[in-house]
Amino acid sequence: MERFTTLTGIAAPLPMINVDTDKIIPKQYLKTIRRTGLGRHLFDEMRHDAEGRERPEFVLNRDPWRQASILVTEDNFGCGSSREHAPWALLDFGIRCVIAPSFAEIFFGNCVNNGILAVTMPHEDVRRLMDDARTGHNARLTVDLESQTVTRPDGSRIAFSIDESVKHRLLNGLDPIGISLSREADIAAFEERRAALQPWL
């Protein structure tokens, strides 16, 4: 998993509450277990019409937000079914950070497991960043996980809180398998002790 340290990029505004995982990646695209190729289907029903043509009014179909790496959105983002394809689609599109007042718990965990930083902020701070994101080519934010700050285009900073274990995992690029491998010496020592004490196992 790629480490998350500091990200400077274009922020896209998505002022919608209760964006569920079926909106993020519709069910018909869940047949694959590959993590690549899903970005073109991100927000498919909002981005494309029935013939597959882009809806010009949708933010990610417009410049400069086509190149967005940060998404600023509203309450309860990622609710609904617990599909890991949702963060896969965000990541494949290029989104490495989502900022919202709240997230569905399972979606939040899936983001952490895939190297996406989900930042929870008070509504008033999210609305300031939403206003920044609407400014187009000037809509660049810097998210610094080490200092736990988001730097706005005017240079001001907004602090955010994050669980220390989540921060550690993202800074070090540790998914669940990576966490296990980081304890490889301890696991080997345990197995050796158990084999000596319980050789019949």
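Residues numbered from 1 in each chain as written. Predicted model: local features only at pLDDT ≥ 70, side-chain atom pairs only at ≥ 80, totals over all residues. Heavy atoms only, no water.

J.: Let's hear about the environment of Asp186: which residues, and what values?
T.: Topologically, Asp186 is positioned in helix H8 (residues 184-197). In the structure, Asp186 is positioned 134 residues away from Gly52 in sequence and 52 Å away in space, judged by C-alpha atoms. (Helix = DSSP H or I, 4+ residues; strand = E, 2+ residues; numbered from the N terminus.)

J.: Hey, could you go over the pairing of strand S2 (residues 70-73) for me, with residue numbers and the actual values?
T.: With burial as the criterion, each face of S2 is covered, one bearing Ile70 and Val72 and the other bearing Leu71 and Thr73. Alignment of strand S1 (residues 6-14) against S2, held across 4 bridges, turns out to be parallel. Each bridged residue has a counterpart across the sheet, and for Ala12 the counterpart in S2 is Leu71. In terms of strand pairing, S2 meets strand S3 (residues 97-100) through 3 bridges, oriented parallel. Following the sheet pairing, Val72 is matched in S3 by Ile99. In this view, the connection linking S2 to its parallel neighbour S3 by way of helix H3 (residues 85-93) has right-handed handedness. (Buried < 20%, exposed > 50% of the residue type's maximum accessible area, 1.4 Å probe, protein only. Pairing = 2+ DSSP bridges. Right-handed = clockwise from strand over helix to strand, strands pointing away.)

J.: Hey, could you go over the packing of helix H4 (residues 105-113) against helix H6 (residues 164-172) for me, with residue numbers and the actual values?
T.: One way to put it is that H4 packs onto H6 with a least axis distance of 9 Å and a crossing angle of 35 degrees. In this structure, H4 uses Phe108, Val112 and Asn113 to contact H6, whose residues at the interface are Val166, Arg169 and Leu170. Counted by class, the contact of H4 with H6 contains 4 nonpolar, 1 polar and 1 charged residues. (Axes fitted to C-alpha atoms, helices over the stretch in contact; angles between N-to-C directions. Contact = heavy atoms within 4.5 Å. Nonpolar A, V, L, I, M, F, W, Y, C, P; charged D, E, K, R; others polar.)

J.: How would you explain the environment of Phe4 if you had to name every residue and give the values?
T.: Its place among the elements puts Phe4 in the segment before S1. Between the C-alpha atoms of Phe4 and Arg157, which are 153 residues apart in sequence, the distance is 19 Å.

J.: Go over helix H5 (residues 123-133) with me, naming the residues and quoting the values.
T.: Within H5, burial applies to Asp125, Val126, Leu129, Met130, Asp132 and Ala133. An end-on view of H5 places all buried positions within 160 degrees of arc, on one side of the element. The inward-facing, buried residues of H5 abut S1, S2, S3, strand S5 (140-144), strand S6 (149-151) and strand S7 (157-159). (Arc of directions from axis to C-beta.)

J.: Mind laying out the pattern of salt bridges, listing which residues take part and the relevant values?
T.: On inspection of all chains with the given rule, the structure shows 9 salt bridges. Ionic pairing is found between Glu2 and Arg96, a salt bridge with its closest N-O pair at 3.4 Å. In this pair, Glu2 is assigned in the segment before S1 and Arg96 in the loop between H3 and S3, connecting sequence segments 94 residues apart. Assessed through its relative accessible area of 56%, Glu2 is described here as exposed. Asp63 is paired through a salt bridge with Arg66; the nearest N and O atoms lie 3.9 Å apart. The structure contains a network of salt bridges with shared partners spanning Asp49, Glu51 and Arg53. (Salt bridge = Lys/Arg side-chain N within 4 Å of Asp/Glu carboxyl O.)

J.: I'd like to hear about the nonpolar core, residue by residue, with values.
T.: If you look at the biggest cluster of nonpolar residues, it comprises 33 residues, and the most contacted ones within it are Ile24, Phe43, Leu60, Leu71, Phe77, Leu90 and Phe107. Of all the elements in the fold, those that place two or more residues in this core are S1, H3, S3 and H4. Ranked by the residues each element gives to this core, the list is headed by H3, at 5 residues. Contacts of Leu60, omitting those with residues within four sequence positions, involve Ala12, Leu42, Phe43, Trp65, Arg66, Ala68 and Phe93. Judged by nonpolar contacts, the second largest core, of 25 residues, contains Val72, Ile99, Met121 and Val166. (Core = buried A, V, L, I, M, F, W, Y, C linked by side-chain atoms within 4.5 Å.)

J.: Please give an account of the pairing of S5 that cites residues and values.
T.: Only one face of S5 is buried, namely the one carrying Leu141 and Val143, since none of Arg140, Thr142 and Asp144 on the opposite face is buried. Pairing of S5 with S6, which is carried by 3 bridges, proceeds in the antiparallel orientation. Directly across from Asp144, in S6, lies its bridge partner Thr149. If you look at the hairpin formed by S5 and S6, you'll find 4 residues sitting between the two strands, and Gln148 has a positive phi there, around 55 degrees.

J.: Hey, could you go over the side chain of Asn110 for me, with residue numbers and the actual values?
T.: Note that Asn110 resides in helix H4. With near-sequence residues (within four places) excluded, Asn110 lies in contact with Ser82, Arg83, Glu84 and Pro87.

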